[in-house]
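Structure at a glance
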Amino acid sequence: MNIKIRNKLLVILACSTSLISIFQACQSQGDINYARYYTNGKKLYDTHCQNCHGAEGQGLAALIPPLTDTVYLTQHRDELACIVKHGLNGEIIINGQTFNEQMPANHQLTDIDIAAIVTYITNSFGNKQGLYDVTNAGTDLKNCRH
Amino acid sequence: MKFTSLSVIMILILASCSSDNKKRLPILGNREPVEKTVDGKLVTDTLYQTIPSFRFLNQDSVAFTDKDLDGKIYVTDFFFTSCPSICPVMHRNMMKVFQEYKGNDQVRIVSHTIDFKYDTPSKLKAYAKKLGAESDQWQFLWGNKNDVYNIAEKNYLVAVNEDKNAPGGYIHQGWFILVDKEKRLRGAYDGTKPDQVDQMIADMKTLLDEYKDQE
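Please read these numbers as outputs of a predicted model, since none were measured by experiment. (Residues numbered from 1 in each chain as written. Chains lettered and ligands numbered in written order. Predicted model: local features only at pLDDT ≥ 70, side-chain atom pairs only at ≥ 80, totals over all residues. Heavy atoms only, no water.)

Observations concerning the overall build of chain A
- Assigned secondary structure in chain A consists of seven helices and two strands.
- Ordering the α and β elements of chain A from the N terminus gives α-α-α-α-α-β-β-α-α.
- Relative to a compact globule of 146 residues, whose C-alpha radius of gyration would be 15 Å, chain A shows 21 Å and is clearly more extended.
- Within chain A, counting contacts between residues at least 6 apart in sequence, those at least 24 apart form 60% of the total.
- The averaged location of the 12 negative side-chain charges in chain A is 19 Å from the averaged location of its 11 positive side-chain charges. (Helix = DSSP H or I, 4+ residues; strand = E, 2+ residues; numbered from the N terminus. Rg over C-alpha atoms; globule rule 2.2 N^0.38 Å. Contact = heavy atoms within 4.5 Å. Lys, Arg positive; Asp, Glu negative; His and termini not counted. Charge placed at Lys NZ, Arg CZ, Asp CG, Glu CD.)

Let's talk about helix α2 (residues 87–101) of chain B
Residues and elements named next belong to chain B.
- Helix length check: α2, at 15 residues, gives a terminal C-alpha distance of 21 Å against a target of 21 Å (1.5 Å per residue), a fit within 8%.
- Of all the positions in α2, only Cys87, Pro88, Val89, Met90, His91, Arg92, Asn93, Met94, Met95, Val97, Phe98 and Tyr101 are classed as buried.
- At the C-terminal side of α2, Gly103 shows a positive phi close to 90°. (Expected span 1.5 Å × (residues − 1). Buried < 20%, exposed > 50% of the residue type's maximum accessible area, 1.4 Å probe, protein only.)

Here we look at the state of the cysteines
- Here the structure, examined in full by the defined rule, presents two disulfides over all chains.
- Put simply, Cys82 of chain A and Cys144 of chain A are joined by a disulfide, and their sulfur atoms are 1.9 Å apart. Across the disulfide from Cys82 of chain A to Cys144 of chain A, rotation about the S-S bond amounts to roughly -95°, and the bridge is consequently left-handed. Residue Cys82 of chain A is found in helix α5 (residues 80–86), and its partner Cys144 of chain A is found in the segment after α7 (134–142); the two are separated by 62 residues along the sequence.
- Residue Cys82 of chain A is classed as buried on the basis of its relative accessible area of 7%.
- Note that Cys83 of chain B is cross-linked by a disulfide to Cys87 of chain B, the S-S spacing being 2.3 Å. Measuring handedness by torsion sign, the sulfur bridge of Cys83 of chain B and Cys87 of chain B sits at about 90° and is right-handed.
- Unpaired in terms of disulfides, Cys49 of chain A finds its nearest cysteine sulfur in Cys52 of chain A, a separation of 8.9 Å.
- With no disulfide of its own, Cys52 of chain A has Cys83 of chain B as its nearest cysteine by sulfur position, at a separation of 7.4 Å.
- Residue class for Cys52 of chain A comes out buried when judged on its relative accessible area of 14%. (Disulfide = S-S within 2.5 Å.)

A look at helix α4 (residues 145–155) of chain B
Residue and element names in this part refer to chain B.
- Among all positions of α4, only Val148, Tyr149, Ile151, Ala152 and Asn155 are buried.
- On its buried face, α4 sits against β3 (55–57), β5 (73–79), β6 (107–113), β8 (160–162), β9 (170–172) and β11 (185–190).
- A distance of 3.2 Å separates the backbone nitrogen of Asn146 from a side-chain oxygen at the start of α4, and that oxygen is part of Asn144.
- Where α4 terminates, the next one or two residues include Leu157, which has phi positive at roughly 60°. (Polar contact = N/O pair within 3.5 Å; in protein donor to acceptor, adjacent residues only side chain to side chain.)

A short note on the pattern of salt bridges
All names here are of chain B.
- A complete count under the given rule lists 22 salt bridges over all chains for this structure.
- Here Asp203 makes a salt bridge to Lys23, at a shortest N to O gap of 3.7 Å. In this pair, Asp203 sits in helix α5 (residues 194–214) while Lys23 sits in the loop between α1 (2–21) and β1 (31–38), placing the two residues 180 residues apart along the sequence.
- Residue Lys23 is classed as partly exposed on the basis of its relative accessible area, which comes to 44%.
- Within the structure, one salt-bridge network assembled from shared partners comprises Arg24, Asp180, Glu182, Arg184, Arg186 and Glu210. (Salt bridge = Lys/Arg side-chain N within 4 Å of Asp/Glu carboxyl O.)

All quantities given are derived from atomic positions and should not be read as evidence of function.
Put into structure tokens, the structure is as follows:
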């Protein structure tokens with residue numbers, strides 16, 4: 001009796017394990033693409049953005065704005081690529097606080113790198129905007145006000 | 001028998017504890033032996049590298065000298081306000097040191113700008129305010145290029161320089177240098193690494209305890 005129960009449990013365990021692995025293998029093309037952008041974005045963020053904006057996107061006091069203002073990042077989604085590439089000057093209000101320092105430009109970054117960074121930022125630190133791909137970046141970067 | 005071995009172990013543990021309590025930080029930098037005569041006998045003493053006298057302007061445009069650090073232990077770093085690379089990390093970490101020792105009159109933080117052209121005292125004042133570091137305990141110092149670069153490289157042993165190709169126009173190391181009340185170097189920590197800064201916060205306590213013992 002005991003052995004029967006154990007065997008049943010083993011079968012259930014084996015089935016569920018294989019089911020989970022099948023589901024994982026069946027991750028859609030879109031998910032994989034998103035994961036690729038996000039992972040690359042994190043690497044690029046650590047290199048180019050983290051020094052100032054922090055590992056948790058927390059910014060620095062009243063000097064460097066945090067990246068946690070979901071409303072700002074949603075409303076300015078089209079401008080984020082331009083900000084990463086050309087930097088920022090002048091006053092902005094983030095989480096109700098005014099910031100007025102200069103953000104340096106990153107002209108060396110390619111469209112796909114910028115797309116990865118924007119994907120990472122807009123899906124980290126409490127943000128959840130989904131994929132921002134190289135086509136989005138290409139379009140937005142043509143319309144920069146610089 | 002068992003009891004004996006157990007008590008031996010206990011004694012060993014206790015012994016190791018008490019030696020931990022007397023932990024002292026090393027003295028860094030150059031040193032040279034000096035011979036002098038004490039009571040008619042020739043003795044050899046060690047002369048440690050110390051921070052010489054200096055005079056800079058602080059964020060209130062008031063002269064700040066080595067005398068203002070008499071009887072204090074302090075941490076020094078080199079930065080500039082428009083620095084796009086390691087400075088924000090350094091001061092994010094230094095903020096932790098500041099919070100930890102806020103109100104302790106034996107502790108100071110001294111940040112030197114290496115951007116002698118742009119970082120005038122009023123710029124430093126605005127920076128300190130925005131950083132949330134408006135306090136006598138944290139001094140932001142401005143000086144001419146020679147004075148600042150000299151004290152950085154010769155006395156604090158931190159490399160700084162102008163470099164047109166570097167982001168922001170300057171290159172520098174992110175060391176936090178811990179100096180004791182005798183103005184000797186007692187520690188150097190990578191100010192960009194949170195774990196090293198935590199170590200420094202702990203070492204500052206060890207250093208302060210040295211003076212407690214002397215009282």
